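Coordinates in review
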Amino acid sequence: MQQHERRIVRIENIVKDFRPGFGLRVKRVLHGISLDVNDGEIFGFVGPNGSGKTTTLKVLMGLIRATSGEATILGHSVTETAFRREIGFLPENPYFYSHLTGREILGFFAKLSGVTRGRRKARISELLEWVGLDHAADSRLETYSKGMLQRLGIAQALVHDPRVVFLDEPMSGLDPIGRVEIRDLVLRLRSEGKTVFMNTHILHDVEMLCDRVAIIVEGRIRYQGVIEDLVGSGLHEVDIVAANLSPETVLELEDRLAAKLRGVGERVEIRVAEKEVNDTLRCVLAAGGEVVSVTRHRVSLESFFLSTVEGGSEIGE
Amino acid sequence: MKSLARIWTIAMNTLREAVRNKLLYALLFFGVAVILAGVVLSALSYVESERILQDFGFAAIRLFSVAIAIFVGVTLIHREVERRTVYAILSKPLSRAEFLLGKYVGLLVTIWLQMAIMVVFFVAVSLVTGAPLDAGHAAAFALIAAELAVIVAVATFFSAFTTPMLASFFSIGIWALGHMTRDLRDIGASSISESVQSTTALIHRVMPDLESFNFATEAAHGLAFAASDVWLPLLYGVGYVSVLLVAAIGIFERRDLR
Amino acid sequence: MRDWIHSWHRYIVAVIAISLTAFAHSAMDTSAEDDLSRIFLPEAAHAQLWSLGFDTVLADYYWLQALQLVGGERGDTAQHIAMIGEMVELITTLDPWGGGPYRFAAIWMTDSKQSVRTANRLLERSIAHIPTDWRSRYYLGFNYFFYLEENGKAADAFEAALGLEGVPRYLGALAARLRMNEGGLEMAADFLAEFARTTSDDFTRVEYLKALDEVETERGARKLDAAREEYWRRHGEDIRDVHDLLRGPAPILTQLPPAHPHFDFPVWRIDEQSGQIVSSFYRSRYHLHRADHDEERRERWRSMQEPDARAS
Ligand SMILES: Nc1ncnc2c1ncn2[C@@H]1O[C@H](COP(=O)(O)OP(=O)(O)O)[C@@H](O)[C@H]1O
Ligand SMILES: [Mg+2]
């Protein structure tokens with residue numbers, strides 16, 4: 001495989017301005033984001049609601065045009081169409097022609113993707129089974145629930161056996177069993193050598209699935225890297241449980257040490273970075289508080305994420 | 001070839017969706033009802049009652065086909081974007097041009113089919129009442145079909161970038177104006193102001209000259225006609241549709257589908 | 001109380017509602033509008049602009065309205081007839097290829113010379129659009145001849161109809177008689193000779209040739225008339241017999257013209273009723289024939305026009 005082909009998706013300095021309404025007022029949604037997705041990995045694109053994940057994916061799918069910057073998939077500019085035979089896309093909250101049945105809509109997408117007549121039927125049945133829709137395959141989509149549409153959306157994205165799959169919030173609308181099933185499906189895609197680009201705001205899924213992540217906050221990439229790097233990076237946190245704290249002390253702790261506090265009955269749980277432990281303990285004791293327990297543990301993606309979102313400082317890269 | 005196959009796939013799906021549209025059946029029902037009512041009305045006249053019967057038939061076919069063309073056409077593209085069905089479709093190896101052409105062809109086939117149903121009733125009523133049917137009638141139907149192709153293209157054009165509400169206004173307006181431009185040009189030509197003359201002449205040139213597709217009067221009267229009375233308007237229609245579709249594609253390709 | 005609409009009360013409401021509707025509707029005057037001003041009659045040019053390609057059905061609509069206008073008990077008052085004129089004007093602007101409305105106007109618009117002239121204008125439009133229909137030309141000629149008494153124009157119209165499909169055979173001869181009234185016998189003869197030369201129908205040609213014979217005979221009769229005049233001048237008395245013209249020391253004529261161009265047996269005689277010299281073959285002179293009842297009708301029409309004429 002050639003060197004440049006290892007990077008399946010390449011986004012360079014994409015800026016996207018929206019012009020809501022008719023005025024000249026522009027709203028910048030993407031502030032020059034850059035990221036790469038490598039061959040065969042599950043890439044998690046993570047960020048809070050409204051941070052620009054869907055917008056980025058729409059640029060990649062050629063649905064909207066970037067104001068500036070460049071994006072390529074498999075070496076093709078995203079404005080081309082022929083290479084899309086190689087990619088699959090699950091839109092956010094997908095919606096399809098409700099007058100068709102599940103089987104018909106998959107047939108329609110298979111034809112559009114150029115799946116040959118001979119392979120179409122078998123492929124559709126196989127997919128319907130994969131996503132667990134075989135029982136509803138011949139019902140019209142108007143009878144489908146949100147979760148069923150989501151499953152159908154995934155089937156539709158895979159109908160032509162693409163090399164790269166883009167999923168926008170694939171777990172939304174699914175029940176816990178559905179989530180597990182889709183998770184397995186994504187892992188199976190990786191095992192088949194496919195590349196998966198996944199938008200999500202559910203960190204648990206990211207931790208479970210993704211090889212690499214990019215964190216986007218307010219249209220800017222805040223972190224991009226391997227999860228192991230991030231989670232196993234030596235960053236540790238310490239939870240201190242204390243009792244008998246006055247409100248003034250709590251405020252001081254929050255202000256001075258950027259600690260996260262949580263009331264647990266009479267007690268207070270204080271989460272701080274490792275290097276702040278001594279200062280925190282000193283502060284608690286000085287205020288006449290009582291230390292109940294001190295626990296050290298590896299930082300979770302969630303808290304990393306939260307600190308990234310709230311802290312505003314750029315980490316990684 | 002692949003491209004045609006994709007256009008056809010979109011077209012057939014559009015047809016399938018349209019034939020499940022209840023509005024279509026309502027309008028088709030009224031169209032057929034008016035054709036049948038022509039039998040009663042024409043009996044009121046002691047002369048040329050077969051002609052009056054056919055006048056009503058032609059008018060019904062035209063009115064109800066145009067109504068379907070506009071009211072289905074204006075939602076054609078807009079609804080796909082609004083309902084976000086377009087996202088998954090355009091992520092497939094399909095250009096926006098192919099998508100739009102497929103939608104256009106699909107709706108046109110739908111409207112031609114429902115027109116064919118009305119034509120069947122027209123022919124049946126004519127046969128039963130002994131009204132004449134000849135090459136002029138065939139020409140008139142061909143030209144109505146051409147007018148419908150233009151109207152669907154107008155509706156598709158507006159649907160590619162504006163809401164169904166506005167698109168209906170514009171499409172109905174253009175349809176009406178398209179039937180007036182000849183008279184307007186003639187009225188303008190008799191004006192003393194040269195700017196009025198040239199403006200009305202320009203409108204006649206630029207707007208679709210839909211009266212050129214109106215051959216029903218000639219057909220119902222059984223007047224003699226030349227082949228060019230038919231093929232020139234057909235050529236004009238093909239040209240006009242192409243221009244509209246190229247413009248629609250140009251606009252649709254530049255749009256952000258958000 | 002909250003539930004009243006779900007109880008038996010609603011049947012009462014329904015009954016009351018139906019009764020009210022029925023009462024109001026039956027109390028309304030729903031008889032057809034007789035008031036002519038109620039018929040919306042747009043100007044022809046406007047209707048053409050706004051008809052949006054539905055010109056023909058709009059024309060049909062007004063055609064059916066026009067038929068209502070003369071049907072039944074409504075008399076053909078001047079107002080009705082003016083209305084018919086406007087309607088046919090509108091109808092034939094929207095659809096100039098329907099022959100019926102033009103003839104309808106010609107039949108009904110006979111209350112005044114003005115109406116007839118309007119009808120004739122419409123007939124001219126008909127001729128422009130349906131040049132192959134002899135009937136519009138026939139009606140036009142008739143209007144000129146009967147109501148307007150413009151024989152030349154009548155003859156023009158009839159002549160233009162000759163040779164069209166379905167035209168009655170006598171029309172050429174009638175045109176020739178009209179010509180004679182207008183421009184004399186020679187003109188009539190010229191026209192007949194021309195018709196006979198140009199017609200493609202042998203039966204029609206025979207009609208023309210027969211008419212030419214009659215004109216030839218008339219020429220002889222007119223010669224005899226002149227001789228009779230001379231006889232009166234010389235002798236102070238009328239002839240008793242055409243042969244008187246050959247008698248005496250200085251006969252006015254040396255020979256009688258033939259009483260028919262081709263046959264020998266007809267003779268000239270003086271008609272007892274009219275006192276005119278006629279050929280025994282024809283028994284009357286060549287002129288515009290008018291049936292008595294036609295003549296009566298025309299007299300009535302003339303007397304009707306008099307106040308009209310004085311007014312203008
Ligand atoms: N069509 C649009 N017009 C204006 N602003 C938009 C439009 N679509 C999205 N946005 C804005 O862009 C930002 C990013 O949206 P989106 O990409 O959907 O976020 P995410 O998918 O990460 O939740 C949001 O602030 C949203 O309000
Ligand atoms: Mg989103």
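Quick look at the structure, then. (Residues numbered from 1 in each chain as written. Chains lettered and ligands numbered in written order. Predicted model: local features only at pLDDT ≥ 70, side-chain atom pairs only at ≥ 80, totals over all residues. Heavy atoms only, no water.)

Residue and element names in this part refer to chain A. Binding of the magnesium ion (ligand 2) to the protein goes through Thr54 (OG1), Glu92 (OE) and Glu92 (OE), at separations of 2.0 to 2.7 Å. Taken as a pair, Thr54 in helix α1 (residues 53-60) and Glu92 in the loop between β6 (87-90) and α2 (102-112) lie far apart in primary sequence, 38 residues in all. Judged by relative accessible area, which is 29%, Glu92 ranks as partly exposed. (Donors = N, O, S within 2.8 Å, 3.2 Å for Na, K, Ca; no water. Helix = DSSP H or I, 4+ residues; strand = E, 2+ residues; numbered from the N terminus. Buried < 20%, exposed > 50% of the residue type's maximum accessible area, 1.4 Å probe, protein only.)

In this section: the interface of chain B and chain A. Each partner contributes residues to the interface: chain B has 29 residues there, and chain A has 34 residues. Summed over both partners, the interface of chain B with chain A comes to about 2800 Å²; 57% of that surface belongs to carbon and sulfur atoms. If you look at where chain B meets chain A, you find two salt bridges. Between Arg16 of chain B and Glu104 of chain A there is a salt bridge, with its nearest N and O atoms 2.9 Å apart. Our count for the contact surface shared by chain B and chain A stands at 13 residue pairs in polar contact (both at pLDDT 80 or more). Among the elements of the structure, α1 (2-18), α5 (85-90), α6 (96-129) and α11 (228-254) of chain B are those that each provide at least two residues to the side of chain B that touches chain A. (Contact = heavy atoms within 4.5 Å. Buried area = accessible area lost by both parts, 1.4 Å probe. Salt bridge = Lys/Arg side-chain N within 4 Å of Asp/Glu carboxyl O. Polar contact = N/O pair within 3.5 Å; in protein donor to acceptor, adjacent residues only side chain to side chain.)

What the second largest pocket holds in volume is close to 470 Å³. In this structure, the second largest pocket is lined by 19 residues; those nearest its centre are Arg182, Glu211, Asn214 and Glu218 of chain B together with Trp97 of chain C. Of all elements in the fold, only α8 (164-189), α10 (216-221) and α11 of chain B together with α4 (78-94) of chain C reach the threshold of two or more residues within the lining of the second largest pocket. For the lining of the second largest pocket, the element with the most residues is α8 of chain B, which contributes four residues. Looking at side-chain class alone, the lining of the second largest pocket contains five nonpolar, seven polar and seven charged residues. (1 Å grid on protein atoms, 1.4 Å probe; cavity = no way out; pocket = protein on both sides within 12 Å on 5 of 7 lines; lining within 4 Å. Points joined across faces, edges and corners; volume = space filled by probe spheres on them. Nonpolar A, V, L, I, M, F, W, Y, C, P; charged D, E, K, R; others polar.)

Here the focus is the arrangement of the chains. Counting contacts across all two pairs of chains that touch, the top pair turns out to be chains A and B. Looking at chain A next to chain C, you find no contact at all, with the nearest C-alpha pair sitting 33 Å apart.

Residue and element names in this part refer to chain A. Along the chain, the position of Thr56 falls in helix α1. The class for Thr56 is buried, based on a relative accessible area of 2%. Within the local environment of Thr56, its side chain forms a polar contact with the backbone oxygen of Gly52, the two atoms lying 2.7 Å apart. If sequence neighbours within four positions are ignored, Thr56 has contacts with Ile11, Leu30, Ile33, Phe45 and Ile216.

Contacts between chain B and chain C engage 26 residues on the former and 19 residues on the latter. Both sides together, the interface formed by chain B and chain C hides about 2000 Å², and carbon and sulfur atoms give 68% of it. At the boundary of chain B and chain C, one finds two salt bridges. For Arg51 of chain B, the salt bridge goes to Asp95 of chain C, with nearest N and O atoms at 3.3 Å. Across the chain B-chain C interface, the total number found is nine residue pairs in polar contact (both at pLDDT 80 or more). Counting residues per element, the ones that place at least two in the side of chain B that touches chain C are α3 (49-73), α8 and α10 of chain B. A breakdown of the residues in the side of chain B that touches chain C according to their chemical character gives 14 nonpolar, five polar and seven charged.

Bringing the site of ligand 1 into the picture now. Within the structure, ligand 1 sits among Phe18, Lys27, Val29, Pro48, Asn49, Gly50, Ser51, Gly52, Lys53, Thr54 and Thr55 of chain A together with Arg258 of chain B. Proximal residues around ligand 1 fall on chains A and B, making this an inter-chain site. The contact in question runs from an oxygen atom of ligand 1 to an N or O atom on the backbone of Lys53 of chain A, over 2.8 Å. Within the complex, 72% of the 560 Å² of free accessible area of ligand 1 lies under protein. Of all the secondary structure elements, the ones that give two or more residues to the shell around ligand 1 are β2 (27-38) and α1 of chain A. It is α1 of chain A that contributes the most residues to the shell around ligand 1, three residues altogether. Split by residue class, the shell around ligand 1 holds three nonpolar, six polar and three charged. (Near = heavy atom within 4 Å. Areas by Shrake-Rupley, 256 points an atom, 1.4 Å probe, with all protein chains shown as cover.)

On to the pattern of salt bridges, then. Evaluated as defined, the whole model comprises 38 salt bridges over all chains. A salt bridge links Asp211 of chain A to Arg190 of chain A; its shortest N-O distance comes to 2.4 Å. Of the two residues, Asp211 of chain A sits in the loop between α6 (203-209) and β9 (212-217) while Arg190 of chain A sits in helix α5 (residues 176-191), which places them 21 residues apart along the sequence. For Asp211 of chain A, a relative accessible area of 23% corresponds to the partly exposed category. With relative accessibility at 29%, the residue Arg190 of chain A sits in the partly exposed group. For Glu216 of chain C, the salt bridge is made with Arg219 of chain C, and the minimal N-O distance between the two is 2.8 Å. One end of the pair is Glu216 of chain C and the other is Arg219 of chain C, both in helix α11 (residues 202-235) and three residues apart, which spans about a single turn. Owing to a relative accessible area of 38%, Glu216 of chain C belongs among the partly exposed residues under this scheme.

Residue and element names in this part refer to chain A. The mixed open sheet is built from six strands, whose spatial order is β6-β7-β8-β3-β9-β10. In the strand order of this sheet, the two ends are held by β6 and β10 (220-226), each with one partner. The mean inter-strand angle of the sheet, taken between neighbouring strand axes irrespective of direction, is 15 degrees. Relative to β9, strand β3 (residues 42-46) runs parallel, the two being bridged by four bridges. (Pairing = 2+ DSSP bridges. Axes fitted to C-alpha atoms, helices over the stretch in contact; angles between N-to-C directions.)

Our next topic: the packing of aromatic side chains. Enumeration over the complete set of coordinates arrives at 29 aromatic pairs over all chains. Arranged with centres 5.5 Å apart and planes meeting at 40 degrees, the rings of Phe166 of chain A and Phe197 of chain A form a pair that is tilted. Residue Phe166 of chain A is found in strand β7 (residues 164-168), and its partner Phe197 of chain A is found in strand β8 (residues 195-200); the two are separated by 31 residues along the sequence. Ring geometry for Phe58 of chain B and Phe141 of chain B: centres 5.3 Å apart, planes at 45 degrees, overall tilted. Here Phe58 of chain B, found in helix α3, pairs with Phe141 of chain B, found in helix α7 (residues 135-159); they are 83 residues apart in sequence, far enough to count as distant. A relative accessible area of 2% means that Phe58 of chain B is categorised as buried. Through a chain of ring-to-ring contacts, the aromatic side chains of Phe43, Phe45, Phe166 and Phe197 of chain A assemble into a single cluster. (Phe/Tyr/Trp six-rings, centres within 6.5 Å; stacked < 30°, edge-to-face > 60°.)

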